[in-house]
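Structural overview
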Amino acid sequence: MRPIYLSIRLFRNMGLLLALICVAQAASAMSIRELRALEKSDKKQGENYVRYYLVGAMEGALEAHAHGVRNGAKPAICLNGRRLEPRMAQSLYDTELQRNEGVYEADMPVSLVLTNALSTVYPC
């Protein structure tokens, strides 16, 4: 009976993994072009939408980095007690785009820009 229990558990875990993969594909990152369109789409709230998205993308980039480090990857972002606040997401994003003008294409994900910005400003 033990092998049956293990195979049922394996199939359940595989099903969970498949569901997570499907959700991850459906929740793809916003591109630079899409973020600019979001800002222009609403005159009153467009800037706020962008700020909120950038804060979430920054927190997501930090969490993804921390997850990678926990799994054995070499750290690329080290805060070392320095301050990182949500209000800083917009300036990190804008500065990275200005610093590397011509490097980022409009179809590249915003999270890539923020990850690169964080690793530049907070290197290890």
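Below you will find a few notes about this structure. Computed from a predicted model, the values in this text were never measured in an experiment. (Residues numbered from 1 in each chain as written. Predicted model: local features only at pLDDT ≥ 70, side-chain atom pairs only at ≥ 80, totals over all residues. Heavy atoms only, no water.)

This paragraph deals with the nonpolar core. Counting 23 residues, the largest nonpolar core has Leu-54, Tyr-93, Leu-114 and Leu-118 as the members making the most contacts within it. Listing elements by their share of this core, those giving two or more residues are α2 (32-41), α3 (46-70), α4 (89-99) and α5 (110-121). Among the elements that take part in this core, α3 stands out by supplying 6 residues, more than any other. Apart from residues no more than four positions distant in its own chain, Leu-54 is found in contact with Leu-35, Ala-89, Gln-90, Tyr-93, Val-110 and Leu-114. (Core = buried A, V, L, I, M, F, W, Y, C linked by side-chain atoms within 4.5 Å. Buried < 20%, exposed > 50% of the residue type's maximum accessible area, 1.4 Å probe, protein only. Helix = DSSP H or I, 4+ residues; strand = E, 2+ residues; numbered from the N terminus. Contact = heavy atoms within 4.5 Å.)

You can see Arg-51 is positioned in helix α3. Remark: the alpha-carbon pair of Arg-51 and Gln-90, spanning 39 residues in sequence, is separated by 6.3 Å.

For the rest of this paragraph, the subject is the side chain of Glu-96. In this structure, Glu-96 sits in helix α4. The buried category is assigned to Glu-96, whose relative accessible area is 2%. Within the structure, the side chain of Glu-96 is placed 3.3 Å from the side chain of Arg-99, a separation counted as a polar contact. If sequence neighbours within four positions are ignored, Glu-96 has contacts with Tyr-104, Val-113, Asn-116, Ala-117 and Thr-120. (Polar contact = N/O pair within 3.5 Å; in protein donor to acceptor, adjacent residues only side chain to side chain.)

A word on the state of the cysteines. Summed over the entire model, instances satisfying the criterion amount to 1 disulfide. Two residues share a disulfide in this structure: Cys-78 and Cys-124, whose sulfurs sit 1.8 Å from each other. Across the disulfide from Cys-78 to Cys-124, rotation about the S-S bond amounts to roughly 90°, and the bridge is consequently right-handed. Highlighted residues: Cys-78 in the loop between α3 and α4 and Cys-124 in the segment after α5, separated in sequence by 46 residues. (Disulfide = S-S within 2.5 Å.)

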